[in-house]
Amino acid sequence: MNITLRQALAGAQDKGLARIDAQMLLLHALGRVPHDRAWLLAHDDEPLPPEALDSFNACCERRLAGEPIAYLVGRKAFYGLDLDINASVLDPRPDTETLVDWALEIAAPLTAPRIADLGTGSGAIALALQAQRPDALVTAVDKSPEALEVARHNAARLGLPIRLQQGDWLQGLGGGRFDLIVSNPPYIAEGDPHLTALGHEPRMALTSGADGLEAIRSIIAQAPAHLPPGGWLLLEHGHDQAATVRALLSAQGFTQVQSRKDLAGIVRCSGGAIPRNPTDGGPMVK
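Conventions and cut-offs
- Residues numbered from 1 in each chain as written.
- Predicted model: local features only at pLDDT ≥ 70, side-chain atom pairs only at ≥ 80, totals over all residues.
- Heavy atoms only, no water.
- Salt bridge = Lys/Arg side-chain N within 4 Å of Asp/Glu carboxyl O.
- Helix = DSSP H or I, 4+ residues; strand = E, 2+ residues; numbered from the N terminus.
- Buried < 20%, exposed > 50% of the residue type's maximum accessible area, 1.4 Å probe, protein only.
- Axes fitted to C-alpha atoms, helices over the stretch in contact; angles between N-to-C directions.
- Parallel < 35°, antiparallel > 145°, perpendicular 65-115°, else oblique.
- Left-handed = near helix turned anticlockwise from the far one by under 90°.
- Contact = heavy atoms within 4.5 Å.
- Nonpolar A, V, L, I, M, F, W, Y, C, P; charged D, E, K, R; others polar.
- Core = buried A, V, L, I, M, F, W, Y, C linked by side-chain atoms within 4.5 Å.
- Arc of directions from axis to C-beta.
- Pairing = 2+ DSSP bridges.
- Right-handed = clockwise from strand over helix to strand, strands pointing away.

Peer 1: Please explain the pattern of salt bridges as it appears in this structure.
Peer 2: Opposite charge on two side chains permits pairing when their charged atoms draw close. Applying the stated criterion to the full structure yields 16 salt bridges. A salt bridge links E61 to K15; the shortest N-O distance between them is 3.7 Å. A residue pair is termed long-range when its members are at least 10 positions apart, and E61 in helix α4 (residues 50–64) and K15 in the loop between α1 (5–14) and α2 (19–29) qualify at 46 residues. Residue E61 is classed as partly exposed on the basis of its relative accessible area of 44%. The residue D84 makes a salt bridge to R157 at a minimum N-O spacing of 3.3 Å. Residue D84 is found in strand β2 (residues 81–84), and its partner R157 is found in helix α8 (residues 145–158); the two are separated by 73 residues along the sequence. In this structure D84 comes out as buried when scored by relative accessible area, which is 16%. Here R157 falls in the partly exposed class, since its relative accessible area comes to 34%.

As structure tokens, then:
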């Protein structure tokens, strides 16, 4: 005898799965959009086909083992975009939308701003910026060809004309100069105990040297050659790294150095600008 959708959800929750995760996995097993929870409520007395039940149970076990829901359903919402995701790229976090908000604020007064996203992964940041600023010239860089393929697929599916380049951080930009460079680089220290819970995500997108700052140091050192006077560099970093990142920016000659908090009140991003001239750092961006 088939069980109903409601019974399947209840069984998953009894095993310890969060209700929203169980709903998304059940919708995925049924071949429906993972966020159509209203449909589940309207059909919760319907029987669950045996093949869908097998798929649902397998996904539940993987989720209980720590695999991100985005990898299981192959989708993740970010800044209003529905992105295709797989294990070649980092699972985009809502916290990273803070970086997009700040970048859009800086780009607001510019016509056709030139923007580079370093370590683009799924293309989440670059695509969000392109969607909000259709006039922008957005270049997305990643060292991983597998990640670039995911970003290329998302760009094509969403009809967003970002330019994709393979390379290691700013080496992927060639001699290009940009009004704004943004990045959510790896910033977790090797050996950090939190890595155990992130074992399903690509390690190269998570860790960066003994203190987690190797990539950030490299980007800060190389960025001035690709920014005009008044150009900005914005970086996402760890919750306890803001002071160090601001010091690195200041030491490299950036001005207007500051940080931004995410919706949880955690200092999530830091950035600074290239001085417009030796005595004028330009208008402060709040």
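Peer 1: Looking at this structure, I do not really get the packing of α2 against α4. What am I missing?
Peer 2: When two helices pack together, their arrangement is given by the angle between their axes and by how far apart the axes lie. It is the contact of α2 with α4, at a shortest axis distance of 9 Å, that shows an interaxial angle of 140 degrees. On the basis of the axis angle, α2 is oblique to α4. In this structure, the crossing between α2 and α4 has a hand that is right-handed. Where α2 abuts α4, its residues D21, A22, L25, L26, H28 and A29 lie against A52, S55, F56, C59, C60 and R63. Looking at side-chain class alone, the contact of α2 with α4 contains eight nonpolar, two polar and two charged residues.

Peer 1: How should I be thinking about the nonpolar core in this particular structure?
Peer 2: Across soluble globular proteins, nonpolar side chains show a tendency to be buried alongside one another. Membership of the largest hydrophobic core comes to 39 residues, with the highest contact counts inside it found for F78, V100, L129, I162, L180, V182 and L234. Not counting residues up to four positions away in its chain, the partners in contact with F78 are L83, P92, R93, T96, E97, V100, A124, I125 and A128.

Peer 1: Even after reading the chapter, I still don't get helix α9 (residues 214–222), so can you show me in this structure?
Peer 2: In an α-helix there are 3.6 residues to a turn, and that puts residues three or four apart on one side. Every buried residue belonging to α9 is among A215, I216, I219 and I220, and all of these are buried. Buried residues of α9, seen end-on, are gathered within an arc of 130 degrees and therefore sit on one face of the element.

Peer 1: Please explain the pairing of strand β5 (residues 163–166) as it appears in this structure.
Peer 2: Regular strands have side chains that alternate between both faces of the sheet. Two strands pair when backbone bridges link them, and strand β4 (residues 137–142) and β5 are joined in this way by four bridges, in the parallel orientation. Of the residues in β5, the one forming a bridge with V141 is Q165. A crossover connection joins β4 to the parallel β5 through α8; in handedness this β-α-β unit is right-handed.

Peer 1: I would appreciate a short explanation of the environment of L234 in the present structure.
Peer 2: Its location among the elements puts L234 in strand β7 (residues 232–236). Ignoring any residue separated from it by four or fewer positions in sequence, one finds L234 in contact with L99, W102, A103, I106, L180, I181, V182, S183, S270 and G271.

Peer 1: What should I look at first to understand the environment of F56 in this one?
Peer 2: Take F56: it is sitting in helix α4. Looking at F56, the relative accessible area reads 1%, which means it is buried. Taking C-alpha positions, F56 is 9.8 Å from M24, a pair spaced 32 residues apart along the chain. Ignoring any residue separated from it by four or fewer positions in sequence, one finds F56 in contact with A8, A12, A22, L25, L26 and A29.

Peer 1: Help me out: how do you make sense of unusual backbone geometry in this one?
Peer 2: Both trends apply: most residues other than glycine have a negative phi, and most peptide bonds are in trans. Of note in the backbone geometry, Y79 takes a positive phi value of approximately 50 degrees without being a glycine. Look at Q256: it is not a glycine, yet its phi comes out positive at around 55 degrees. The buried category is assigned to Q256, whose relative accessible area is 13%.

Everything listed here is a matter of geometry and, on its own, says nothing about what the molecule does.
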